[in-house]
Amino acid sequence: MGRGVIGKTVLLAAAISCTASCGKAGNEDPALLPGAENAAALRQGTAFGEKAADSVREWEVAMESITGPQNVTSVQATPVAEEYFAKQAGEYVIAYYPSWAQYDSSKLQVDGIDASMLTHIHYAFAETTENYVPFADDIAAHEDNLRALVRLRQQNPGLKLVLSVGGAGGDRYFAPMCAQDEGIAVFAGGCADFLEEYDFDGIDLDWEFPQTEQETAGFTRLIYCLRYHLDALGERTGKHYSLSLAGAADVGTLRGIDYAAVGPYLDYVFIMGYNLYGPWNETAGFNAPLYAPGEQEIGDYGNSGAAPGRVYSLNAIVKTYLGGGLAANQLVLGLPFYGYVMPVVEAGNVGPGKAIDKSSTEETYVDCRTVFEKYLGNPAYTAGWDETAQSPYLDGEGKFISYEDERSIRVKCGLIGRYGLAGAGLWELSQDTEDFRLLGVVWETMEKLRRQEGNAVD
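Residues numbered from 1 in each chain as written. Predicted model: local features only at pLDDT ≥ 70, side-chain atom pairs only at ≥ 80, totals over all residues. Heavy atoms only, no water.

**Here's the deal with the sheet that holds strand β11 (residues 391–396)**
- The sheet built from five strands is open, its strands ordered β9-β8-β12-β11-β10 with antiparallel pairing. Looking at which strands have only one partner, the edges of the open sheet turn out to be β9 (365–367) and β10 (382–386). Strand after strand, the sheet turns through a mean of 25° between neighbouring axes, direction not considered.
- Sheet analysis places strand β8 (residues 338–343) next to strand β12 (residues 399–402), joined by four bridges and oriented antiparallel. Across the sheet, residue V341 finds its bridge partner in β12, namely I401.
- Helix-sheet contacts for helix α11 (residues 368–375) involve β8, β9, β11 and β12, and the interaxial angle to β9 is about 85°. (Pairing = 2+ DSSP bridges. Helix = DSSP H or I, 4+ residues; strand = E, 2+ residues; numbered from the N terminus. Axes fitted to C-alpha atoms, helices over the stretch in contact; angles between N-to-C directions. Contact = heavy atoms within 4.5 Å.)

Below is the structure:
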């Protein structure tokens, strides 16, 4: 999809940027705002997925035709009402589903998803673009998946479909977009148009991660503008549209988002509770440890090269978020359905702490399905369990493998009950077994938690 269509469909964003301060209650009819009649005229006869001539000048001409003030920082954004937050601990089970799975027939396809064990599916990813719109030119490549996801709701009418924008590498235009109000307006309007066109229920942002004060401030403006647009769409359609973020799992990058400022406008934050340790460290450790050695808030195994300020355990990162301005029922604990194969220098001394062989060129990322099929039960590997990390591992053939199994997933879900979190999340659905061994444990554990009305799961 070219610049032309998106420019037409989202120019309303710039037109609605009016006079009240951010966060003030009230959503006025965009049609009554200055310049809205021009934007509305441009929108007539367009659709989100329609192809149109690409024109750099088109946006400039359209902007000139809008007479109203265009300061995004003055958008009226209304905080999310309490009724839209999770009502009890463990209410949500949220799974990311990768768009690229469609290109590998051995991977889980949309029509094979068991929607009965999910409350939300995050479709990953729509990449940001130089035109500041999701799915600028490749929407056709996603059409089949998007329509199949909508059909999947027939299995579970309560299932929420969420478009996740960004992802590592796909987020490269967030910074320039958030540096200018026009970029923010285009993106926010484009997201709302997508939801209406494809019958989705929300937007999830995955910027990894704002690095400067200017980027943090720009991202805050983006959240305000998106919240406004989603609420304006909701007034027309009669439904609530969710806005969520994928949150970092370490202190340094977590500070890149002003959660105290944006928290009231978010439905939930998906804490990426993984990549706490991996082959980038000096010695082998666990991808998603429940606790750190000695229950340190920050640390690693033997000071082995973890970045300064990195929060090492799931327990520590949850407590950090709870202290950062977000309510417990806004937090979803994301768990990995993957692990890492770490080549080590020495074959002895089974367990974590071995020096990683930095000269190795082997692929280190491994999904749990492959671990179960290829490594688990292989006599060349010794299976172990770490009591501190509450995580399984395999050691053999010069490799240390950190992964998740049914036991570790169940135990880590216990944090959701302990802290009263909104629910569990997972990255990502196609990495599970064909019979959904890990998802089944997540769903079963959340059901048990809901029956216990928030008590911790053992």
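**Comments concerning the layout of surface pockets**
- The space that makes up the second largest pocket amounts to roughly 320 Å³.
- Forming the walls of the second largest pocket are 18 residues, and the residues nearest its centre are Y84, Y92, H120, K160 and H240.
- The residue makeup of the lining of the second largest pocket, split by class, is six nonpolar, five polar and seven charged. (1 Å grid on protein atoms, 1.4 Å probe; cavity = no way out; pocket = protein on both sides within 12 Å on 5 of 7 lines; lining within 4 Å. Points joined across faces, edges and corners; volume = space filled by probe spheres on them. Nonpolar A, V, L, I, M, F, W, Y, C, P; charged D, E, K, R; others polar.)

**A look at the packing of helix α10 (residues 314–322) against helix α12 (residues 406–419)**
- Where α10 meets α12, the axes come as close as 11 Å, and the angle between the chain directions of the two elements is 30°. Regarding the angle of α10 to α12, the classification is roughly parallel. Relative to α12, the crossing made by α10 is right-handed. Across from L314, N315, V318, K319 and L322 in α10, the residues of α12 making contact are K412, L415 and Y419. (Parallel < 35°, antiparallel > 145°, perpendicular 65-115°, else oblique. Left-handed = near helix turned anticlockwise from the far one by under 90°.)

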